[in-house]
Amino acid sequence: MTETKIVPIDQRDNRENAKANRDRQIVFNAGRKILDKLSAVGKGKSKEAKQIEEATSYITLQQYPAAVRVLIDVLQLMRAKYQKKHAHLAVCVNDLIADVYFLQKEYRKALEIYTDILELSDESVKPAKFRAVQKKEATTIQQILSNKSQTLTVSADRNIDLGKINMEIGNYKKSTQCFTRALGVMQMIYGPNHEGVAAVRECLADSFLMQERYEEAERTYRGILTAYERMNVKLNDGCHVSISEKLDIASKKLSERNMRRERGETLQRTSRWMVDN
């Protein structure tokens, strides 16, 4: 059996620049669509239309802070001027602000706005509602919703990226859901003993560890080491060493928590005995 060298999942493809360009184009197009909507209601030459035009220019130049400042001014203006009839336009601008935050990798700020939009019941904001949790690999909202154009590997990659975003912003429960979905797809394609599957399992175990779900983290890390053994990964391989260290952390944390629990139960029994006697 040949030895398998584990390649970190981030090094499988160098596509970050292409993704950034694609996401920027999507956000730019969203700004142009707002201009079209303003024209449709007779406000194509208004002050706010000119400001949105300015903001889209900043987006093209990757001057995102300037774009955000202009869009916030537009949002305040719309909220003051527009009645219920055109209130959806302000929602679109707010969504665009979140998109620009996303381009800056200010995920927490973006998520806060997306979450606010989630609370709205207006049918017109359902695409934005979906982006609140599935933005990272955005191509078009309809493609994601229908899921018809995705291959299994694209679906797995999307969930891996979404899981990493949620890890960065501290949304560990959501990251666990994303990694679990990705793992199911990866195992179905490659089987349990594959470097890509091991990498996703590590992400999943890390999300367990951050949630203090130590038993699940420990079990998952042990499963990775078992897979490494079957794949003939050397003990001194960097990935094997890293997983072993994480396993030690999870096991230590679990042991400490069990000891605290046992001490607490002992104190409770002692207290009850003293009361009874």
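Please read these numbers as outputs of a predicted model, since none were measured by experiment. (Residues numbered from 1 in each chain as written. Predicted model: local features only at pLDDT ≥ 70, side-chain atom pairs only at ≥ 80, totals over all residues. Heavy atoms only, no water.)

Draft legend 1. Seen up close, the overall build of the protein. A tally of regular secondary structure across the protein gives 12 helices and 0 strands. Scanning the protein from its N terminus toward the C terminus, one meets helices and strands in the order α-α-α-α-α-α-α-α-α-α-α-α. Contacts in the protein between residues far apart in sequence, at least 24 positions, make up 59% of those at least 6 positions apart. Element-wise, carbon and sulfur atoms account for 51% of the exposed surface of the protein, whose accessible area totals about 16,000 Å². (Helix = DSSP H or I, 4+ residues; strand = E, 2+ residues; numbered from the N terminus. Contact = heavy atoms within 4.5 Å. Areas by Shrake-Rupley, 256 points an atom, 1.4 Å probe, with all protein chains shown as cover.)

Draft legend 2. Representation of a nonpolar patch on the surface in the model. Together, Met188, Ile189 and Tyr190 give the surface a local cluster of nonpolar side chains, amounting to about 290 Å² of exposed area. Tracing the backbone through its elements, the reader meets Tyr190 in helix α9 (residues 172–190). Judged by its relative accessible area of 38%, Tyr190 is partly exposed. (Patch = residues over 30% accessible without salt bridge, like charges linked within 9 Å, V, L, I, M, F, W, Y side chains within 5 Å. Salt bridge = Lys/Arg side-chain N within 4 Å of Asp/Glu carboxyl O. Buried < 20%, exposed > 50% of the residue type's maximum accessible area, 1.4 Å probe, protein only.)

Draft legend 3. Highlighting a positive patch on the surface. On the surface, Lys252, Lys253, Arg260 and Arg263 cluster together into a positively charged patch. Classification of Lys252 by relative accessible area gives exposed; the value is 54%. (Lys, Arg positive; Asp, Glu negative; His and termini not counted. Charge placed at Lys NZ, Arg CZ, Asp CG, Glu CD.)

Draft legend 4. Expanded view of the packing of helix α10 (residues 195–210) against helix α11 (residues 214–230). Two elements in contact, α10 and α11, have axes separated by 8 Å at closest approach and are oriented at 160°. When the axis of α10 is compared with that of α11, the two are roughly antiparallel. Taken as a pair, α10 and α11 cross one another with a handedness that is left-handed. Where α10 abuts α11, its residues Ala198, Arg201, Glu202, Ala205, Asp206, Phe208 and Leu209 lie against Tyr214, Glu216, Ala217, Thr220, Tyr221, Gly223, Ile224, Ala227 and Tyr228. (Axes fitted to C-alpha atoms, helices over the stretch in contact; angles between N-to-C directions. Parallel < 35°, antiparallel > 145°, perpendicular 65-115°, else oblique. Left-handed = near helix turned anticlockwise from the far one by under 90°.)

Draft legend 5. How the structure looks around the environment of Asn159. With respect to the helices and strands, the residue Asn159 is situated in helix α8 (residues 152–168). With 16 residues separating them along the chain, Asn159 and Ser175 place their C-alpha atoms 8.6 Å apart. Leaving out residues up to four positions away in the same chain, Asn159 has contacts with Cys178, Arg181 and Ala182.

Draft legend 6. Highlighting α9. The end-to-end C-alpha separation of α9 is 26 Å, in line with the 27 Å expected for 19 residues at 1.5 Å each. Looking at α9, one finds that the buried residues are Lys174, Ser175, Thr176, Cys178, Phe179, Ala182, Leu183, Val185 and Met186. Trailing α9 by a residue or two, Gly191 shows a phi angle of about 85°, which is positive. (Expected span 1.5 Å × (residues − 1).)

Draft legend 7. Local environment of the nonpolar core. Leu38, Ile52, Leu71, Met78, Val93, Ile97 and Val100 are the most contacted members of the largest nonpolar core, which has 31 residues in total. Listed by contribution, the elements that provide at least two residues to this core are α1 (16–40), α2 (47–60), α3 (64–81), α4 (87–103) and α5 (107–118). Among the elements that take part in this core, α4 stands out by supplying 11 residues, more than any other. Setting aside residues no more than four positions away along its own chain, Met78 makes contact with Leu38, Glu48, Ile52, Leu89, Ala90 and Val93. If you look at the next biggest cluster of nonpolar residues, it comprises 29 residues, including Ala156, Ala198, Ala227 and Met231. (Core = buried A, V, L, I, M, F, W, Y, C linked by side-chain atoms within 4.5 Å.)

Draft legend 8. Just the pattern of salt bridges, in detail. The tally for this structure, following the rule as stated, stands at 5 salt bridges. Linking Glu53 and Arg32 is a salt bridge whose minimum nitrogen-to-oxygen distance equals 2.7 Å. Pair noted here: Glu53 is in helix α2 and Arg32 is in helix α1, with a separation of 21 residues, a long-range link. On the basis of relative accessible area, Arg32 is assigned to the partly exposed category, the value being 30%. Residue Arg222 pairs with Glu218 through a salt bridge whose shortest N-O separation is 3.5 Å. On the criterion of helical spacing, the pair formed by Arg222 and Glu218 is a turn pair, its members being 4 residues apart in helix α11.

Draft legend 9. Geometry of α2. In this model, α2 (14 residues) spans 20 Å end to end at C-alpha, consistent with the 20 Å of a helix rising 1.5 Å per residue. Every buried residue of α2 is accounted for by Glu48, Ala49, Gln51, Ile52, Ala55, Thr56 and Ile59. For α2, the arc enclosing every buried residue in end-on projection is 160°, short of the 170-degree limit, so these residues lie on one face. For α2, the exposed residues set more than 90 degrees away from the buried face come down to Lys47 and Lys50. Directly after α2, the chain includes Gln62, whose backbone phi takes a positive value near 65°. (Arc of directions from axis to C-beta.)

Draft legend 10. View of unusual backbone geometry. Phi at Gln62 takes a positive value of approximately 65°, unusual for a residue other than glycine. Overall, Gln62 belongs to the partly exposed group, its relative accessible area being 47%. Positive phi outside glycine occurs at Glu212, with the angle close to 65°. On the basis of relative accessible area, Glu212 is assigned to the partly exposed category, the value being 47%.

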